[in-house]
Amino acid sequence: MSLMQQFVAQRRAFEAAYEDGDWRPLEAFFHPDVTYEVMNMPFHCVVQGRSAMLAAIRRSVEGFDHLCDRTVGIDVVVREEGANVITYGGMRFERPGAPPTTARLWEIATYRDGLIQRLVDLYDAGVCAEFERWMAAWGEGLDPSYVSS
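We now turn to the structure provided with this report.

Reading the values: rules and limits
Residues numbered from 1 in each chain as written. Predicted model: local features only at pLDDT ≥ 70, side-chain atom pairs only at ≥ 80, totals over all residues. Heavy atoms only, no water. Helix = DSSP H or I, 4+ residues; strand = E, 2+ residues; numbered from the N terminus. Rg over C-alpha atoms; globule rule 2.2 N^0.38 Å. Buried < 20%, exposed > 50% of the residue type's maximum accessible area, 1.4 Å probe, protein only. Phe/Tyr/Trp six-rings, centres within 6.5 Å; stacked < 30°, edge-to-face > 60°. Lys NZ or Arg CZ within 6 Å of the ring centre and 35° of its normal. Core = buried A, V, L, I, M, F, W, Y, C linked by side-chain atoms within 4.5 Å. Contact = heavy atoms within 4.5 Å. Pairing = 2+ DSSP bridges. 1 Å grid on protein atoms, 1.4 Å probe; cavity = no way out; pocket = protein on both sides within 12 Å on 5 of 7 lines; lining within 4 Å. Points joined across faces, edges and corners; volume = space filled by probe spheres on them. Nonpolar A, V, L, I, M, F, W, Y, C, P; charged D, E, K, R; others polar. Axes fitted to C-alpha atoms, helices over the stretch in contact; angles between N-to-C directions.

## Re the overall build of the protein chain
Looking only at helices and strands, one finds 3 helices and 6 strands in the protein chain. Traced from its N-terminal end to its C-terminal end, the protein chain shows the element sequence α-β-β-α-β-β-β-β-α. Over its C-alpha trace the protein chain gives a radius of gyration of 15 Å, about what one expects of a compact globule, namely 15 Å for 149 residues. Principal axes of the C-alpha set define a box for the protein chain whose edges measure 45 × 25 × 25 Å. The 149 residues of the protein chain split such that 44% are buried.

## Observations concerning the packing of aromatic side chains
Within the structure shown, the criterion is met by 11 aromatic pairs. A ring pair is formed by phenylalanine 131 and tryptophan 134, whose centres lie 6.4 Å apart and whose planes are at 25°; its orientation type is stacked. Here tryptophan 134 and phenylalanine 131 lie together in helix H3 (residues 127–138), a separation of 3 residues that amounts to about one turn. No difference in accessibility class separates phenylalanine 131 from tryptophan 134, as the two residues are buried. Ring pairs connect the aromatic residues Tyr36, Phe43, Phe64, Phe93, Tyr123, Phe131, Trp134 and Tyr146, which therefore count as one cluster. When the ring centre of phenylalanine 14 is taken as reference, the NZ or CZ atom of arginine 11 above it lies at 4.8 Å.

## Observations regarding the nonpolar core
Judged by nonpolar contacts, the single largest core of 41 residues is most densely connected at Leu26, Tyr36, Met53, Ile57, Phe64, Tyr123 and Tyr146. Secondary structure elements with two or more residues in this core: helix H1 (3–20), strand S1 (30–39), strand S2 (45–48), helix H2 (50–63), strand S4 (84–94), strand S5 (101–112), strand S6 (115–123) and H3. Examining the composition of this core, we find that 6 residues originate from one element, H1, more than from any other. If sequence neighbours within four positions are ignored, tyrosine 36 has contacts with Cys45, Val46, Val47, Met53, Ile57, Leu119, Asp121 and Tyr146.

## So, the pairing of S6
Sheet topology places S1 next to S6; 6 bridges connect them, and they run parallel. Across the sheet, residue valine 38 finds its bridge partner in S6, namely aspartate 121. Looking at chain direction, S5 and S6 are connected through 8 bridges and run antiparallel. Bridge pairing links isoleucine 108 to valine 120 in S6. The turn joining S5 and S6, which pair antiparallel and follow one another in sequence, is formed by 2 residues; a positive phi near 55° is taken by aspartate 113.

## What about the layout of surface pockets?
Counted as a void, the largest pocket has a volume near 760 Å³. Forming the boundary of the largest pocket are 41 residues, of which Arg11, Val72, Met91, Leu105 and Glu107 lie nearest the centre. Tallied by class, the residues present in the lining of the largest pocket amount to 27 nonpolar, 8 polar and 6 charged.

## A closer look at the sheet that holds S5
Here 6 strands make up an open sheet; going across it, the order is S2-S1-S6-S5-S4-S3 and the pairing mixed. Bordering the open sheet on either side are S2 and strand S3 (69–81), each of which pairs with just one other strand. Along the sheet, successive strands turn relative to each other by an average axial angle of 15°, direction set aside. Alignment of S3 against S4, held across 10 bridges, turns out to be antiparallel. Residue pairing in the sheet places valine 77 in a bridge with tyrosine 88 of S4. In this fold H2 packs onto S1 and S2, with an angle of close to 45° to the strand it touches most, S1.

Everything listed is a geometric property; what it means functionally is a separate question.
Here it is in structure tokens:
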């Protein structure tokens, strides 16, 4: 199976976990010592280790994504380059009474021995300030952070 096929399988498993709340199937896609980085957003972070990463993702999903209507995969481009799968695309979040907030980002999954060793979400320039404005105006009760402050 190519790295791209493995990445697509991981994304499918993520969407299933997003829907049913069972994040355990994702463990099979990541090294135990995986590093996950979120960059260029107010909730930027670096999380070490598979268990910590999955807990962090679950925290963000429960504090933000599940409280909004989410659209992912807007204009996605995916390519494989060496040990990396690189995607670029957008997502939109909406909630009643608020305009949607949209973000575009690069996601880079670096593989070692068939598992993701490093995962980076790098948001486009300008998204951070736009997201902060949206959160100040419309984000009451939402917490997109992956780790507690």
